[in-house]
Amino acid sequence: MTQQQTWSQRFESALHPAIARFNASISFDIELIEYDLTGSQAHAKMLAHTGIISQEEGEQLVTGLEQIRQEYRQRQFQPGIDAEDVHFAVERRLTEIVGDVGKKLHTARSRNDQVGTDTRLYLRDQIYQIRRQLREFQLVLLDIAEQNIETLIPGYTHLQRAQPLSLAHHLLAYFEMAQRDWERLADVYRRVNISPLGCGALAGTTFPIDRHYTAQLLEFDSVYANSLDGVSDRDFAIEFLSAASLIMVHLSRLSEEIILWASEEFRFITLKDSCATGSSIMPQKKNPDVPELVRGKTGRVFGHLQAMLVMMKGLPLAYNKDLQEDKEGLFDGVNTVKACLEAMTILLREGLEFRSQRLNEAVAEDFSNATDVADYLAARGVPFREAYNLVGKVVKTSIAAGKLLKDLTLDEWQQIHPAFAADIYEAISPRTVVSARNSYGGTGFAQVNKAILAARAQIKDEVS
């Protein structure tokens, strides 16, 4: 199909070859072909259902479109740039298969509502897949957490040792982030799953179409109430990229921690060979490429969101060619999130191992139990702020003396304050410190166990 044939007799000459290449989207919107075929089949059925075309013609169109689907899957149909976009490519091939009846497919439809329909069919399918990946990621987090309820890890604020934690509690924080991602995508899905088919170019159509019929065939929840909005709306794509950006934020934060944990300075984890690489000149190195790549790829998803926002901010109603630019960023955003979720799930499941002995040593070599000393005094009637200042002085003098709090003698403790007794050593041991934080949502072992059980029940309920 030449550019001359693509358009009406309004045009006297074809596009300049360079402009034709610049204008074409077939190189990337071929991603939509299966969704285009599905949407076109529904449209053909509706045309026959309403009597706009005959039942026989409708059946011919549906059969021809299904043949194209099989040809594409078998790599027998691979349209080139002369088709300009996937929609023209399908229509041209359909006409080759069924003859002039193929030219009736575009009755009561515009490229504008067609591409909007295809994009929504594509994105709702991708949202479903990403939500399944999030669930798998969460289940891996739960499995590791369940095995490490009583494994301790230093907790940080400002990247300074703060208080010891249950490792399971730390990992469950990422479970909660992923849960919000899972729920957020469900909310986005509701606004994706609205049909623009039948909005036409911008003003609807004079044909007696049945938009609700096509929406039902395509399993859309509803139809756009305004034809201008239907063909020009990309809020759903922006919302998706926003949700995708948050998924990447969460994966990137976990990636940063894994990178730190794998360093010689932390040594909290060992990376397994299946998920790490080496150096081209330093044979001793094992590099955390997976989390580094996830951290790096986060920026490109942010970029796609920003690009979509900038593209949309100045567009007058209704459709503008700028909207062709929505697809590459959207497709890449989808593929990037899916690839990163898969890689991080594999890394957690089989690519790293926590070094429990090193973690136990880490929580015993700092002053992260200082708050518990203050709590110890407060529980014995000393005002907390007074206890807080007193313990601050103790930490200062201990650092100067090269001691930890556990190294102080009972006599030294009682010189600090007479409320201290022999049970201070047990009270500030890392395991007691963690176990005692048993408030709802805290890191206490009993609370963490409840949190894991609640998380598994939540997932089970949502699946059923």
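These numbers were taken from a predicted model, which means no experiment stands behind them. (Residues numbered from 1 in each chain as written. Predicted model: local features only at pLDDT ≥ 70, side-chain atom pairs only at ≥ 80, totals over all residues. Heavy atoms only, no water.)

Undergrad: Hey, could you run me through the packing of helix α7 (residues 111-147) against helix α8 (residues 167-192) in this one?
TA: The description of two packed helices rests on the angle between their axes and on the distance between the axes. Two numbers describe how α7 lies on α8: the axes approach to 9 Å, and their chain directions differ by 165 degrees. Comparing the axis directions of α7 and α8 gives the class roughly antiparallel. Every pair of crossing elements has a handedness; the one defined by α7 and α8 is left-handed. (Axes fitted to C-alpha atoms, helices over the stretch in contact; angles between N-to-C directions. Helix = DSSP H or I, 4+ residues; strand = E, 2+ residues; numbered from the N terminus. Parallel < 35°, antiparallel > 145°, perpendicular 65-115°, else oblique. Left-handed = near helix turned anticlockwise from the far one by under 90°.)

Undergrad: What is the right way to look at empty space enclosed by the protein in this model?
TA: Leftover empty space is mapped by rolling, across the atoms, a probe with the size of a water molecule. In this structure the tally under the stated criterion is two cavities of 30 Å³ or more. Each pocket or cavity is described by its volume, and for the largest cavity that value is around 50 Å³. Lining the largest cavity are L134, F137, Y174, A178, D181, I247, H250 and L251. Those elements giving two or more residues to the lining of the largest cavity turn out to be α7, α8 and α11 (235-262). The residue inventory of the lining of the largest cavity, partitioned by class, reads six nonpolar, one polar and one charged. (1 Å grid on protein atoms, 1.4 Å probe; cavity = no way out; pocket = protein on both sides within 12 Å on 5 of 7 lines; lining within 4 Å. Points joined across faces, edges and corners; volume = space filled by probe spheres on them. Nonpolar A, V, L, I, M, F, W, Y, C, P; charged D, E, K, R; others polar.)

Undergrad: I keep staring at the pattern of salt bridges and nothing clicks. Help me out?
TA: Once their charged atoms are close, side chains differing in charge can pair, the charge on each being opposite to the other. Going through the model one piece at a time under the given rule, you end up with 32 salt bridges. In this structure, D233 and R120 form a salt bridge, with 3.9 Å as the shortest nitrogen-oxygen distance. With D233 in the loop between α10 (227-232) and α11 and R120 in helix α7, the pair connects residues that are 113 residues apart, well separated along the chain. Each of the two residues, D233 as well as R120, counts as buried. (Salt bridge = Lys/Arg side-chain N within 4 Å of Asp/Glu carboxyl O. Buried < 20%, exposed > 50% of the residue type's maximum accessible area, 1.4 Å probe, protein only.)

Undergrad: Just to check I follow, could you spell out the pairing of strand β2 (residues 160-166) for this structure?
TA: Regular strands show a simple pattern: their side chains alternate between the two faces of the sheet. Two elements, strand β1 (residues 152-157) and β2, share five bridges in a ladder whose sense is antiparallel. Across the sheet, residue T157 finds its bridge partner in β2, namely Q160. Where β1 folds back onto β2 in an antiparallel hairpin, the turn is made up of two residues, including H158, whose phi is positive at roughly 60 degrees. (Pairing = 2+ DSSP bridges.)

Undergrad: Mind showing me how you'd approach helix α12 (residues 289-312) here?
TA: Every α-helix carries 3.6 residues per turn, so stepping three or four residues along brings you back to the same face. An ideal rise of 1.5 Å per residue puts 34 Å on 24 residues; α12 measures up with 35 Å between its terminal C-alpha atoms. Within the span of α12, buried status applies to V290, P291, V294, T298, V301, H304, L305, M308, M311 and M312. The inward-facing, buried residues of α12 contact α10, α11 and α13 (326-351). (Expected span 1.5 Å × (residues − 1). Contact = heavy atoms within 4.5 Å.)

Undergrad: Just to check I follow, could you spell out the packing of aromatic side chains for this structure?
TA: Describing an aromatic ring pair means giving the distance of the ring centres and the angle of the ring planes. On inspection of all chains with the given rule, the structure shows eight aromatic pairs. Summarising the aromatic geometry, the rings of W413 and F420 are spaced 4.7 Å apart at their centres and angled 50 degrees between planes, so their arrangement reads as tilted. Every member of this aromatic cluster is reached through a ring pair, and the members are Y35, Y122 and F331. For R380, the ring lying beneath its charged end belongs to Y376, and the centroid distance is 3.5 Å. (Phe/Tyr/Trp six-rings, centres within 6.5 Å; stacked < 30°, edge-to-face > 60°. Lys NZ or Arg CZ within 6 Å of the ring centre and 35° of its normal.)

Undergrad: Sorry, what's going on with the packing of helix α6 (residues 86-98) against α7 here?
TA: At a closest axis distance of 11 Å, the pairing of α6 and α7 adopts a crossing angle of 105 degrees. By the angle between their directions, the pair α6 and α7 is classed as roughly perpendicular. Side by side, α6 and α7 meet where H87, F88 and E91 of the first sit next to R111, Q114, V115 and D118 of the second. Split into classes, the residues belonging to the contact of α6 with α7 amount to two nonpolar, two polar and three charged.

Undergrad: Is there a simple way to think about the side chain of R111 in this case?
TA: Turning to its location among the elements, R111 is positioned in helix α7. The contacts of R111, once residues within four sequence positions are left out, are D85, H87, F88, E91 and H106.

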